[in-house]
Amino acid sequence: RIQALEEENARLKKQLQEQQDQHTAQLQDLEAAHRDQLTSSSEQLETQRQAYVRQMEEMRESLDEQHRQEQDSLKTQEQEQSRRFQEELQQLREREAQQRQ
């Protein structure tokens, strides 16, 4: 009877050890999968961040170009107005000079 109990005890210990080993392996697999998921999520977030930075840079460059074009246009308009003013002023001076003669 004692022999049978010792054998059952040994069998149960072996079974418990096998279950513990299986649990440890499953836990390691789970931890590895979790690390992989974290790495994947981090990489995805970094990709999204880089895309956002590129988009913001492109928008900034677009706004800078639009501003430069507007400044150029205003400068051209200002030069044209100044030229017309100078022409009108010159014409007025010529008329005054003709009227004095």
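Colleague: I'd like a description of the overall build of the chain, backed by residues and values.
Modeller: Along the backbone of the chain there are one helix and zero strands. In summary, the chain has a C-alpha radius of gyration of 43 Å against a globular reference of 13 Å for 101 residues, an excess of more than 25%. For the chain, the spread of C-alpha atoms along the three principal axes comes to 150 × 10 × 5 Å. Split into buried and exposed, the 101 residues of the chain put 0% on the buried side. Roughly 9,800 Å² of accessible area belongs to the chain as shown, and the carbon and sulfur atoms make up 49% of that amount.

Colleague: An account of the environment of Q77 is requested, with residue identities and associated values reported.
Modeller: Structurally, Q77 can be placed in helix α1 (residues 2-100). Residue Q77 is classed as partly exposed on the basis of its relative accessible area of 44%. In this structure the C-alpha to C-alpha distance between Q77 and K13, which are 64 residues apart in sequence, comes to 95 Å.

Colleague: I'd like to hear about the pattern of salt bridges, residue by residue, with values.
Modeller: Tallied over the full model, the rule gives ten salt bridges. A salt bridge links R49 to E46; its shortest N-O distance comes to 2.7 Å. In this pair, R49 and E46 are both assigned in helix α1, three residues apart and thus about one turn of the helix distant. Overall, the relative accessible area of 43% leaves R49 in the partly exposed class. Residue class for E46 comes out partly exposed when judged on its relative accessible area of 33%. Note that R60 is salt-bridged to D64, the shortest N-O span being 2.5 Å.

Procedures and definitions
- Residues numbered from 1 in each chain as written.
- Predicted model: local features only at pLDDT ≥ 70, side-chain atom pairs only at ≥ 80, totals over all residues.
- Heavy atoms only, no water.
- Helix = DSSP H or I, 4+ residues; strand = E, 2+ residues; numbered from the N terminus.
- Rg over C-alpha atoms; globule rule 2.2 N^0.38 Å.
- Buried < 20%, exposed > 50% of the residue type's maximum accessible area, 1.4 Å probe, protein only.
- Areas by Shrake-Rupley, 256 points an atom, 1.4 Å probe, with all protein chains shown as cover.
- Salt bridge = Lys/Arg side-chain N within 4 Å of Asp/Glu carboxyl O.

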